[in-house]
Structure formats: structure tokens, C-alpha cells
2 protein chains.
Amino acid sequence: MADQSKTRMTNQRSLILEELRSLKSHPTADELFIAVRRRLPRISLGTVYRNLQILSKQGTIRTLPDTKGQMRFDGDNARHYHVRCIKCRRVDDLPGRPVVHFEREREGKTNYRILGFKIELLGICPECNEREKPERQGQVRQ
Amino acid sequence: MADQSKTRMTNQRSLILEELRSLKSHPTADELFIAVRRRLPRISLGTVYRNLQILSKQGTIRTLPDTKGQMRFDGDNARHYHVRCIKCRRVDDLPGRPVVHFEREREGKTNYRILGFKIELLGICPECNEREKPERQGQVRQ
DNA sequence: CTGAATGCAAAAGCTTTGCACTAGG
DNA sequence: CCTAGTGCAAAGCTTTTGCATTCAG
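Computed from a prediction, not measured in an experiment: that's the story for all the values here. (Residues numbered from 1 in each chain as written. Chains lettered and ligands numbered in written order. Predicted model: local features only at pLDDT ≥ 70, side-chain atom pairs only at ≥ 80, totals over all residues. Heavy atoms only, no water.)

Caption draft 1: Structural view of the overall build of chain A. Scanning chain A from terminus to terminus reveals five helices and five strands. Helices (α) and strands (β) of chain A occur, in sequence order from the N terminus, as α-α-α-β-β-β-β-α-β-α. Within chain A, the fraction of its 142 residues that count as buried is 49%. Contacts spanning at least 24 positions in sequence make up 46% of the contacts within chain A whose residues lie at least 6 apart. For chain A, the accessible area works out to roughly 8,100 Å², and carbon and sulfur atoms hold 48% of it. (Helix = DSSP H or I, 4+ residues; strand = E, 2+ residues; numbered from the N terminus. Buried < 20%, exposed > 50% of the residue type's maximum accessible area, 1.4 Å probe, protein only. Contact = heavy atoms within 4.5 Å. Areas by Shrake-Rupley, 256 points an atom, 1.4 Å probe, with all protein chains shown as cover.)

Encoded structure:
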């Protein structure tokens, strides 16, 4: 990992990284673009995409798929878990680490070569929860 | 759930559903379109998308985000878990159910209203594994 | 200096949508 | 019948890419 070979730390790249790390919502490329543009008005969306791709290939940042197809980005490449809002789709970090006991024998039943797992909580963020108090409280599945 | 009001079971819809249920790879809309077109050559991609949306709104099928933004669909709406191939991105069902012990107190540390969780294994499917035997065996994170 | 990175704009996916026509119930 | 659903094509989003120019190392 960390393939820094022939990579240049441009002003754009460092601002993108800085902004991504400061945002806690795991922004989409466009949200990040808007944020960075406040400080560097001439930056282009293409540059944001190119940098996000490079940084993620390097292992400096992480990507996570949005529920609706769009990509989201995470400036923290340390192992941690997420809570996802099923209403506004924002993603937050889960403080601490959930203890997961996997039934290891399960893996044997798959003919995949298992490399790891992914887990995240689903819920409604404080803002959305406030916005719609009287709602049915169904369990989310999957 | 199951909002069948004013919904018609057209030939297209039932073929889409049938094909989706028979495919084990959790296909994208386009893969499904190609499959259904073999039986109904005049069907359009738009119809596939519209039906997938309706069926998923009804709760008849499920959607899952692809690692690269695209959507995938699952004809089985019973609770079950998935293994995802990090190479070809196909998704398979995990036989049985993994036992997950969540550290419940964790949820208290989030200000989200927690409704559930999502877990899936990551790995390399038999086909891809065969295709590239001599590779580094890194642990996948997140 | 040199080529990696940028801005711009055009193009390429994937998905949605408007419209006139078809067909399910 | 009546209107949900269809095929087709156009439009909408998100993301990628070609190209001349800029700038980091």
C-alpha cells in the first residue's frame, strides 16, 4: 500500500485531503468539491475525482458505496465502523469498535476465499429523527 | 410492506422477477435486462428499471449497492447474508446465518436511532481465485 | 526541465422520465 | 373501459477522459 511513487502533493490534493478529513459526514465527491471550492474557487470537479481516485488507490483514504449508487469518501484509513442514516444517507463513524463474533465454520460453506468482512449499523440520524417524530418504528433488515 | 395497490402483474414484470430469482449472482439491472431479453426480445431497459423499482418498493425484492456505484438486485427478500467478490464484484448468498454478537452498549454512544445492522463477507469467488493463483493474500479491511 | 496534475469541456456509464400506445383487471 | 405499464428516445446524474497548459520536485 501507499504507492507514493511519482506522486506530487499539489495544493489541490492537500486541500481535498484536509477538507475530507475535517468533514465527518463521509461526503460525496460533489459535496467535497463544494467545500474545497470555498478555499480554491478555480478547482474543477474533475480534479476532485482524479485526486479521490489516486488517494484511494494509495490507501490514504477509503471509499464507501452510497445506498443510491453514488460514492462516498472517508478520510480516515484506520479500521473503524460506520452508522448510516437511511433517510438522508449520511454516514458517521461509530465510536469504539463493535465486538463481532463470527461463526467461523460458516466460511467453510462458501467456496469463496474469505478475506474479511464489513459491518455497519443502520439507523436514523439525530437531524432526520427530529424532522419526523411520529413515524412507524420498523426494524431494518439485511 | 407489500403495497400491491393498483399494481398489475404484467408479463414483463413476472419474467423479470422469475429471472431475478433464478440468477444467483445478484445481477445489475443491465445483466437482468440481457437475461430477460432472451425470452422477451422487445423488452426495454427502462421497463426493467421501472419494475425493479416497483418490486423493491413493494418489498418483493431487495437492492444492494455495488462497490462501484451500480445497483444490484436480490430476488430473495428473506433475511440472509452475502459474500462479495472484490474482483468481479459478484455477490452470492451466504448459506446459513452468521452469528453476530454486537456489543449493544456501543449503540448508546451514537446519537442515531439504531434500527439494525448490515454485515457481509468479502472475498474472492472461485472463478476469480482460479484466474489469478499467484497473488498476495492481503487482509481486506473495513 | 520533465512529466504529473490541472481546468475545461466533452463523453461515457447508469438510471430516470416524458409521451403516445398497449394491455391487465 | 380505465389507467398502470410498455417501448422508445431523450434527459439527468455521477464519474471518467482528452487535451493544452501549469507547476511540483
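Caption draft 2: Representation of the protein's contact with DNA strand C. Near DNA strand C lie 20 residues; those nearest to it are Arg-8, Gln-12 and Thr-47 of chain A together with Arg-8 and Tyr-49 of chain B. A share of 70% is what sugar and phosphate atoms reach among the atoms of DNA strand C within 4 Å of the protein. The separation between a sugar or linking oxygen of DNA strand C and a polar side-chain atom of Gln-12 of chain A is 2.9 Å. Residue Arg-50 of chain A places a side-chain N or O atom 3.0 Å away from a base nitrogen belonging to DNA strand C. Going through the elements one at a time, α1 (11–22) and α3 (45–58) of chain A together with α3 (45–58) of chain B are the ones with two or more residues in the surface near DNA strand C. (Near = heavy atom within 4 Å. Polar contact = N/O pair within 3.5 Å; in protein donor to acceptor, adjacent residues only side chain to side chain.)

Caption draft 3: Main features of the sheet that holds strand β5 (residues 113–124) of chain B. The strand order across the open sheet formed by six strands is β4(A)-β3(A)-β5(A)-β5(B)-β3(B)-β4(B), and the pairing between neighbours is mixed. Pairing within the sheet leaves two strands with one partner each, and these edge strands are β4 (91–94) of chain A together with β4 (91–94) of chain B. Each strand of the sheet is rotated relative to its neighbour by a mean of 35°, with strand direction disregarded. Where strand β5 (residues 113–124) of chain A lies against β5 of chain B, 11 bridges are found, and the strand directions are antiparallel. By the bridge assignment for β5 of chain B, Gly-116 of chain A is matched with Leu-122 of chain B. (Pairing = 2+ DSSP bridges. Axes fitted to C-alpha atoms, helices over the stretch in contact; angles between N-to-C directions.)

Caption draft 4: Local environment of the pattern of salt bridges. Residue and element names in this part refer to chain A. Throughout the structure, instances matching the rule amount to 16 salt bridges over all chains. Across the salt bridge formed by Glu-120 and Lys-118, the nearest N and O atoms sit 3.8 Å from each other. Judged by its relative accessible area of 14%, Lys-118 falls in the buried class. A cluster of three or more residues bridged by salt bridges with shared partners is formed by Glu-31, Asp-66, Arg-72 and Arg-89. (Salt bridge = Lys/Arg side-chain N within 4 Å of Asp/Glu carboxyl O.)

Caption draft 5: Summary view of the protein's contact with DNA strand D. The full set close to DNA strand D counts 21 residues, and Tyr-49 of chain A together with Arg-8, Thr-10, Arg-13 and Thr-47 of chain B are the nearest of them. Counted by atom, the contact set of DNA strand D within 4 Å of the protein is 73% sugar and phosphate. Take Gln-53 of chain A: an N or O atom from its side chain is 3.2 Å from a phosphate oxygen of DNA strand D. One nitrogen or oxygen atom from the side chain of Thr-10 of chain B is found 2.9 Å from a phosphate oxygen belonging to DNA strand D. Elements that contribute at least two residues to the surface near DNA strand D include exactly α3 of chain A together with α1 (11–22) and α3 of chain B. Among the elements that take part in the surface near DNA strand D, α3 of chain A stands out by supplying four residues, more than any other. Here the residues of the surface near DNA strand D are counted per class, giving six nonpolar, eight polar and seven charged. (Nonpolar A, V, L, I, M, F, W, Y, C, P; charged D, E, K, R; others polar.)

Caption draft 6: Representation of the environment of His-26 of chain A within the structure. Residue and element names in this part refer to chain A. Inspection of the secondary structure puts His-26 in the loop between α1 and α2 (29–37). Judged by its relative accessible area of 3%, His-26 is buried. Once the C-alpha coordinates of His-26 and Thr-63 are considered, the two residues, 37 residues apart in sequence, prove to be 8.9 Å apart. Once residues lying within four places of it in the same chain are set aside, the contact partners of His-26 are Leu-64, Arg-72, Phe-73, Asp-74, His-80, His-82, Val-91, Asp-92 and Asp-93. There is a polar contact of 3.1 Å between the side chain of His-26 and the backbone oxygen of Lys-24.

Caption draft 7: Representation of the domain arrangement of chain A in the model. Residue and element names in this part refer to chain A. Split by domain assignment, chain A resolves into domain 1 (1–74) and domain 2 (78–142). Taken together, the contacts link 12 residues of domain 1 with 11 residues of domain 2. At the boundary of domain 1 with domain 2, total buried surface from both sides reaches about 940 Å², with 43% on carbon and sulfur atoms. Taken as a group, Ser-25, His-26 and Leu-64 account for 35% of the area that domain 1 buries against domain 2, more than any other trio of residues on that side. Our count for the contact surface shared by domain 1 and domain 2 stands at one salt bridge. Ionic pairing is found between Asp-66 and Arg-89, a salt bridge with its closest N-O pair at 2.3 Å. Taken together, domain 1 and domain 2 are joined by nine residue pairs in polar contact (both at pLDDT 80 or more). Put simply, the parts of the chain that give the side of domain 1 that touches domain 2 at least two residues each are β1 (62–65) and β2 (71–74). Per-element accounting of the side of domain 1 that touches domain 2 gives the leading share, three residues, to β1. Looking at the side of domain 1 that touches domain 2 residue by residue, the classes come out as two nonpolar, four polar and six charged. (Domains from an automatic or database assignment. Buried area = accessible area lost by both parts, 1.4 Å probe.)

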